[in-house]
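Chain by chain, the residues run as shown.
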Amino acid sequence: FLPGRRARVLRARAELCGWLKEKGLEYLESHANFVMIDVRRDARPLIFALPRRGVAVGRPFPPYTNYLRVSIGTDAEMAKFREVFWSEYQA
């Protein structure tokens with residue numbers, strides 16, 4: 001079970017990080033099941049807006065006020081995150 005789960009998280013995390021690079025967004029290099037994304041502004045509005053669209057992300061992490069904590073989920077969850085995040089991020 002664990003090797004398969006670990007491989008899925010590594011793949012999904014790599015896909016998310018690749019997508020973030022394509023979008024020109026920076027993030028903290030991660031070796032965990034989450035990524036901290038630098039949204040270049042106070043992350044709290046995004047943290048509170050995303051759940052209204054069905055995407056839950058991590059709480060604020062002071063002093064990293066410009067960072068959004070995103071846990072790695074299933075492929076479908078990560079696709080929804082990318083869609084909703086990008087829409088709200090550009091708003």
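Just above sits the structure.
A. Quick look at helix 1 (residues 2–22). With 21 residues, helix 1 extends 30 Å from end C-alpha to end C-alpha; this agrees with the ideal 30 Å at 1.5 Å per step. For helix 1, the set of buried residues is Val 9, Ala 12, Arg 13, Leu 16, Cys 17, Trp 19 and Leu 20. Seen from one end, helix 1 has its buried residues packed into an arc of 160°, which puts them on one side. Facing away from the buried surface of helix 1 by more than 90 degrees, the exposed residues are Pro 3, Lys 21 and Glu 22. On the buried face of helix 1, the contacting elements are strand 1 (27–28), strand 2 (34–38), strand 3 (67–71) and helix 3 (75–90).

B. Fine view of the pairing of strand 3. In terms of residue burial, strand 3 counts as a mostly covered element, since 4 of its 5 residues are buried. Relative to strand 3, strand 2 runs antiparallel, the two being bridged by 5 bridges. Paired with Asp 38 across the bridge in strand 3 is Tyr 67.

C. Structural context of the environment of Ala 14. Structurally, Ala 14 can be placed in helix 1. Among the residues examined, Ala 14 registers a relative accessible area of 48% and is labelled partly exposed. Remark: the alpha-carbon pair of Ala 14 and Gly 54, spanning 40 residues in sequence, is separated by 23 Å.

D. Examining the pairing of strand 2 more closely. The element strand 2 is extensively covered by neighbouring structure, given that 4 of its 5 residues are classed as buried. With 2 bridges joining them, strand 1 and strand 2 adopt antiparallel strand pairing. Looking at strand 2, one finds that Leu 28 is bridged to Met 36. Hairpin connection between strand 1 and strand 2: a loop of 5 residues separates the two successive antiparallel strands.

E. Fine view of the sheet that holds strand 2. What the 3 strands build is an open sheet, ordered 1-2-3; its pairing is antiparallel. Across the chains shown, the open sheet's two edge strands, defined by having one partner strand only, are strand 1 and strand 3. Against the sheet, helix 3 touches strand 2 and strand 3, its axis set at about 155° to strand 3.

Rules used in this analysis
- Residues numbered from 1 in each chain as written.
- Predicted model: local features only at pLDDT ≥ 70, side-chain atom pairs only at ≥ 80, totals over all residues.
- Heavy atoms only, no water.
- Helix = DSSP H or I, 4+ residues; strand = E, 2+ residues; numbered from the N terminus.
- Expected span 1.5 Å × (residues − 1).
- Buried < 20%, exposed > 50% of the residue type's maximum accessible area, 1.4 Å probe, protein only.
- Arc of directions from axis to C-beta.
- Contact = heavy atoms within 4.5 Å.
- Pairing = 2+ DSSP bridges.
- Axes fitted to C-alpha atoms, helices over the stretch in contact; angles between N-to-C directions.

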